[in-house]
Amino acid sequence: MEILSHALELRGVNKRFGNVYANKAVDLKVLQGSIHGIVGENGAGKSTLMNGITGFQPFDSGEILIKGTKVNFNTTEDSIAVGIGMVHQHFMLVESLSVLENVILGSEGGAFLNEGLQTARSGISRLIKDYGLDVPLDAKVADLGVGIQQRVEILKTLYRGAELLILDEPTAVLTPSEVEALFKFLNNLREQGKTVLFVTHKLKEIMAVTDRVTVMKQGEVVLNVATALTSPEQLAETMVGRPVLLDIKRGSTKRGDICLRAQGLKVFDCNGVPRLNGVSLDLYAGEIVGIAGVASNGQSELIEVLAGLIVPNQGVIECKETSTDKWIDITALKNGALGRRKLGIAHVPEDRLKLGVVPSMSAEDNIRLGSQFTVTGSKFFTSTKVIARECEDLMQQWDVRPLASKLSLDSFSGGNQQKMVLGREINSNPRILIIGQPTRGVDIGAIEAIHKRLIELRDSGVAILLISVELDEILTLSDRILVMNSGLVIGEVSSDKATERGLGLMMAGIVTEETTGEL
Amino acid sequence: MILSYYTLIILLLAGTIRVATPLVLATYAGLFSERSGVVALGLEGMMLGAAFASAASSAIYGSAWIGLLIGVSTSVLIAGLLSFVCVFKQGNQVVAAIAINLTIAGLAPTLALAWFDLGNQTPSLVNPGQRFLELSLPWSSSARLHPFPGLLYSELISGHSFIVYLAATLVPLSAFILYKTRFGLRIRAVGENPYAVDTAGISVKKIRTQAVLISGVLCGVAGTYLATAAGAGFIPDMTAGKGYLALAALIFGNWRPYRALGACLLFACTDSIATRLQGVSLPMLGVIPVQFIIALPYILTVVLLAGFVARSNPPKAIGIPYDK
Amino acid sequence: MSNIKSSLYLRLEPIVLPLVNLGIALIISSLIICLIGESPQKAIEIIWKGSFGSGEGLGYTLFYSTNYIFTGLAVALAYHAGLFNIGCEGQAYVGGLGVSLVGLYLGGLPVWCVIVLGIFAGALFGAAWAAIPAYLQARKGSHIVITTIMFNFIGSALMTWFLVSVLIKPGQQAPESRAFSTHAFLPSLKGLFALLGINTGESPVNLALVIALIIAALIWILLWKTRFGYELRVSGTSQSAARYAGISPESYMFKAMLISGALAGCLGLNELMGSQHRLTLDFPAGAGFIGIAVALMGRNNPVGICFSALLFGALVQGGGELAFEMPHVSHSLVIVIQGLVILFCGALEQLLKKPLRKVFLTHV
């Protein structure tokens, strides 16, 4: 085994951001001339690892070896010099420049462009022929489709002599036929003796194209195996499995009336790729519906549409008004977020720091966010005393520490922040609560408190839509579970029939009798 | 009749070139800075600083050439300060530029008074060597005798200060650098997507600093022109907003070199015409207030920014400090 | 023990940082004074004596400060909505047109009526001058900094035309209007200060100071005690959180700029109705830019702004005395200090945050 050299080897690399280890003691061995997959959920540390390998954000400690020789990467130039090339998930292209100009950026071949462009043109034409990567050299990148843009990214790395190509979530923006073309290209690369690092969270692709796969979870490597010797099930289990720490008694529920109806929701992104591809669901009072799935399968868009932050391209959302018992179409309300709140729909966002709070403002100020109208009596004036008292009440209720309502929100821990956001939304007496990643960045103690509160809320008759990438959280809290994959709900299971394994498979896109139980 | 109109137009165009020269230099300074992603609000301060420094040193050493050297050096120093604050310390680019403009606007008269004791100005540059006076190209005096091609040569092409000819060469040179050199490609790239440049192994800070320093050089020449060619010494606030007008021309030219040049000539032309039209009654429009013509370049720029004329296409990453 | 020191420093930091930044600006200014060959110590003495040493000096200081309270509030309010309003100079100038029209043509009404109308007109005209840049930023995303700079120049040309062609006092060369009706003369505060035992002499400190302070208090209430102010601050701090909460950032951008222009437009009350009693050329005299320095130093808080405005009023008044007593020192020195304050309190304000924290906090 030692005869075959490793194109890349990592020994015990670490990267810290503040107190959090994004990469912890990572060991990795990538064989020369192979396609090596790196798989893991969002936040598993894949991007940080790649940033370290390319020198964009160097590791804190550990060793990097290229073909057996130790190297030190302080800048991107260092990694490019030893033959590492990266195709980023969000393309590093200058849209206003031509394909040719983008490819030569950084290795222009001389101070004057004319001669550089000439030599580049012939060099790139050869590459295009060798690898079958057809691109129009003089077209402006902004005018090209996403699939072709990616080919430009790839050409960039090859032109600079990359021997080890890293592809970060390359299929996220491709159509199925483009994915096929990409895989053909990767096999081509392998035949030419190049090495490929393929970073993704899509298990089917790992099985389809890689030789070996490494699973990362919470910054560490948890599995390193030849692809032929594993299966999507094993990978799914390793990726998402976490010991169920809490024993929350969920109890049975008496489902009430239907209060929200969504049909055929579709959302397209700016490139026309469907992020949400026709999702329908119903919410009932007194029931927790959990949406499971690996991140970026449409859950975020679903929340945004239901919470009124974006308007869907297709589909209808209707909400039942309590006073009149009439169905109101809320699909395209002007100022959707405000309209939702008036109807009693509350929202705890996935991205707490960007949407849910204003980190630089005080806790008091944040308690009001979303309920500016209702917090204090008068329409125009706000009373600091009343707000301070409400804030302190909330903090006491939820055991937020320190009990300092004037402290700016970024001084509180993630768990305390989340408790305040939840408390705020619950205090608005909603009939429907949409909540995304309720315990992301939250410590154990706070998780238990939050879970208990959500069940209490359900018991009081609120309809809750819970979206989480944490499978055990879904299993603990949900009465009914929907699994999303590629913008669709591919399976629905009632909680008593759901198993971790079954859900894991569905999350990987595999639907069988076993997974859905009832089918 | 035709002759007098012809003469008028020639003289008007010649005047336009003289007015346009500092404007063009400043606009191209802004071009380099903004295309690299750094807001070019500091042109005013750089020009003013150069005007003062060149006037002062020309007065002291008796040579306009020394004035040019010191003027450009001063402007480059100011540019260096601006790039330190904006590129290295990632300070707010707008605030930094306004701060530096104000500081220079106050510092120049203060030093002038302290060093020369002539009210807030520098000594008048009376000796011919202290200024960049008009140069007569060969045969211009004989060419003047033949109106049609001759006047064109003697008044329009010949008879300008050295800096005007310098500016005329800097224009195509700048366009060449921006579009035909490696450095220019990197400048254009870093103003649109600094991440792309960084991941390609190029230092974003280095490129931006170099671009800002180049803008310092160009503003230095512009300021020197104002004090030693167009004028005869430094007077407080002598740039009179030309730095902002240059920015307007740059925006009006959609950040492209030759369009920006066109904008400068347009603005300068309206200025020339304004002086001629003062008090003159035009058919159907009556007397156009001179203030309106003065304001015209700024009005046009706002109209462009409002998206009425064409789509405004600033460099995508402009004004955003690059922080990984 | 050290924890108390840390938390105390954190509470005082909002005051300590600006003062330190001011200190650096003053140190550099002193170096420049040395460069000119004068003594900084003597200069500071003269500035102090000129601005606070006499009743009349104090009066002038307060008069200038009034201007800067208006423009400082204008910049600060726009800032809270996330916008940088550099157009205060133009907005103040055009606001002065409104004030002047009341002073020239509505002088027949009772005094209190004229004053109220003057406030209203100044605010209205100032807001109107900010309206187009505001709209373009909110709806088209046109950069407010560039448009307001352009409008400064356009405003200057417009007002020059008004003064020279329309409002000029017939038969005179100087570009100024005829005098306002006496009902439009804002009463001097000389009497009030006399009650406090201060003789403000010939200084033009007038009722506008009181109006400015009242408006400062109102703005404070608006920003921190009303729902409007809360939504404005949220939309200026985090547009995404604002939308989440049902707030439209574009709407608040527009409204904030209007209020900002209105505040700047009130400058005419002090300068025109309170002192010059006629419309003059370029009467804002840079107050719009000093407003930026005042707002930055005052950390965009009305209380801080009043203190910074006082400081800058003192600098301007003292600077005038300095130029008088030290003929070698130009009046422009004050502009240098202004620029340095903006540099250190604005662009480089974070420069010293970390080093100071290292000194005063037990852990960084």
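Colleague: Go over the overall build of chain A, please, and point to the residues and values.
Modeller: If you tally the helices and strands in chain A, you get 18 helices and 20 strands. In terms of overall size, chain A behaves like a compact globule, its C-alpha atoms giving a radius of gyration of 25 Å where 519 residues would be expected to give roughly 24 Å. Dimensions of chain A, computed from the C-alpha atoms along their principal axes, are close to 75 × 50 × 45 Å. The proportion of buried residues among the 519 residues of chain A is 46%. Pairs at least 24 apart in sequence give 68% of the contacts found in chain A among residues at least 6 apart.

Colleague: Residue-level account of the overall build of chain B, with values.
Modeller: Counting secondary structure elements, chain B contains 13 helices and four strands. Along the first, second and third principal axes, the C-alpha set of chain B runs to 65 × 50 × 40 Å.

Colleague: I'd like a rundown of the interface of chain A and chain C, residues and numbers included.
Modeller: Chain A puts 20 residues into the contact, and the matching count from chain C is 15 residues. Those elements that provide at least two residues to the side of chain A that touches chain C are helix 10 (336-342) and helix 11 (352-356) of chain A. Its residues assigned to classes, the side of chain A that touches chain C shows 11 nonpolar, six polar and three charged.

Colleague: Go over the sheet that holds strand 15 (residues 327-329) of chain A with me, naming the residues and quoting the values.
Modeller: Residues and elements named next belong to chain A. Pairing is antiparallel across the open sheet formed by four strands, whose spatial order is 12-11-14-15. Lying at the two open borders of the sheet, with one neighbouring strand each, are strand 12 (274-284) and strand 15. On average, each strand axis in the sheet is inclined to that of its neighbour by 20 degrees, with strand direction left out of account. In this sheet, strand 12 lies alongside strand 11 (residues 258-268) in antiparallel orientation, the contact comprising eight bridges.

Colleague: I'd like a description of the packing of helix 13 (residues 290-305) of chain B against helix 6 (residues 144-166) of chain C, backed by residues and values.
Modeller: Packing of helix 13 of chain B against helix 6 of chain C leaves a shortest axis separation of 9 Å and a crossing angle of 155 degrees. In this view, helix 13 of chain B runs roughly antiparallel relative to helix 6 of chain C, as classed from their interaxial angle. Judged by the sense of rotation from one axis to the other, the crossing of helix 13 of chain B with helix 6 of chain C is left-handed. Taking contact as the criterion, the partners of Q291, F292, I294, A295, Y298, I299, T301, V302 and L305 of chain B in helix 13 of chain B are, on helix 6 of chain C, I146, T147, M150, F153, I154, A157, L158, T160 and W161 of chain C. Here the residues of the contact of helix 13 of chain B with helix 6 of chain C are counted per class, giving 14 nonpolar, four polar and no charged.

Colleague: Quick rundown of the sheet that holds strand 16 (residues 345-348) of chain A? Include the residues and the values.
Modeller: Backbone-to-backbone hydrogen bonds join strands into a sheet, with any given pair of strands oriented parallel or antiparallel. All names here are of chain A. Pairing is mixed in the open sheet, where six strands are placed in the order 16-17-18-13-19-20. Each of the sheet's edge strands pairs with one partner strand only, and the pair in question is strand 16 and strand 20 (488-494). With direction set aside, neighbouring strand axes in the sheet form an average angle of 15 degrees. Pairing analysis gives four bridges linking strand 16 to strand 17 (residues 432-436), with the strands arranged parallel. For V348, the partnering residue across the bridge sits in strand 17 and is I435.

Colleague: Give me the lowdown on the domain arrangement of chain A, citing residues and values where you can.
Modeller: All names here are of chain A. When cut into domains, chain A gives domain 1 (6-237) and domain 2 (258-356 + 430-516). Averaged C-alpha coordinates put domain 1 and domain 2 at centres separated by 34 Å. Looking at the side of domain 1 that touches domain 2, the elements that each hand over two or more residues are helix 7 (203-209) and helix 8 (232-240). The element contributing the most residues to the side of domain 1 that touches domain 2 is helix 8, with four residues. Classifying every residue of the side of domain 1 that touches domain 2 gives six nonpolar, two polar and four charged.

Colleague: Let's hear about the interface of chain C and chain B: which residues, and what values?
Modeller: With 36 residues of chain C at the contact, the number on the chain B side is 37 residues. Of all elements in the fold, only helix 5 (111-140), helix 6, helix 13 (287-297) and helix 15 (333-347) of chain C reach the threshold of two or more residues within the side of chain C that touches chain B. Ranked by residue count, the leading element in the side of chain C that touches chain B is helix 6 of chain C, at 12 residues. Looking at the side of chain C that touches chain B residue by residue, the class counts come to 24 nonpolar, 11 polar and one charged.

Colleague: So, the packing of helix 2 (residues 43-61) of chain B against helix 10 (residues 204-230) of chain B: which residues are in play, and what are the values?
Modeller: All names here are of chain B. Axis separation between helix 2 and helix 10 bottoms out at 7 Å; the angle between their running directions is 50 degrees. Taken together, the axes of helix 2 and helix 10 are oblique relative to one another. The handedness of the crossing between helix 2 and helix 10 comes out as right-handed. For the pair formed by helix 2 and helix 10, the contact residues are L43, M46, M47, L48, G49, A50, A51, S54, A55 and S58 on the first element and G216, C219, G220, A222, G223, T224, L226, A227 and T228 on the second. A per-class count over the contact of helix 2 with helix 10 returns 11 nonpolar, eight polar and no charged.

Colleague: If you had to explain unusual backbone geometry to someone new, which residues and values would you point to?
Modeller: Within the chain, D399 of chain A stands out as a residue other than glycine whose phi angle is a positive 55 degrees. On the neighbour-count criterion, D399 of chain A (13 C-beta atoms within 10 Å) is partly exposed. A positive phi angle, near 50 degrees, is found at Q90 of chain B, a position not held by glycine. Summarising the element assignment, Q90 of chain B is placed in the loop between helix 3 (64-88) and helix 4 (93-116).

Colleague: Can you lay out the pairing of strand 20 of chain A for me, pointing to particular residues and giving the numbers?
Modeller: Residue and element names in this part refer to chain A. Pairing of strand 19 (residues 480-485) with strand 20, which is carried by six bridges, proceeds in the antiparallel orientation. Within strand 20, the residue paired with V483 across the bridge is G491. As consecutive antiparallel partners, strand 19 and strand 20 are separated by two residues, and within that stretch S486 has a phi angle of approximately 55 degrees, a positive value.

Rules used in this analysis
Numbering of residues begins from 1 in every chain and follows the order in which that chain's sequence is written. Chains and ligands are labelled sequentially in the order written, the chains with letters from A and the ligands with numbers from 1. In keeping with the predicted nature of the model, local features appear solely for residues at pLDDT of at least 70, side-chain atom pairs appear and are counted solely at 80 or more, and the whole-chain, interface and lining totals rest on all residues. In this description a helix means any DSSP run of H or I spanning at least four residues, a strand means any run of E spanning at least two, and both kinds are numbered starting from the N terminus. Two things to know: the radius of gyration comes from C-alpha atoms, and the globule rule equals 2.2 Å times the number of residues to the power 0.38. Think of it as a crowd count around each C-beta: if 20 or more other C-beta atoms lie within 10 Å the residue is buried, if 12 or fewer it is exposed, and in between it is partly exposed, with C-beta placed from the backbone throughout. Placing C-beta atoms from the backbone, we regard two residues as in contact once those atoms come within 7 Å. Each residue gets one label: Ala, Val, Leu, Ile, Met, Phe, Trp, Tyr, Cys and Pro are nonpolar, Asp, Glu, Lys and Arg are charged, and the others, such as Gly, are polar. Two strands qualify as a pair provided that DSSP identifies no fewer than 2 bridges between them. Where helices are involved, their axes are fitted lines through C-alpha atoms of the stretch in contact, as for all axes, and angles between N-to-C directions lie from 0 to 180°. Throughout this description, any angle smaller than 35 degrees is read as roughly parallel, any larger than 145 degrees as roughly antiparallel, any in the 65 to 115 degree range as roughly perpendicular, and the remainder as oblique. In this scheme, a crossing is called left-handed if the near helix is turned counterclockwise away from the far one by less than a right angle; it is called right-handed if the turn is clockwise. Those domain boundaries reflect an automatic or database domain assignment.

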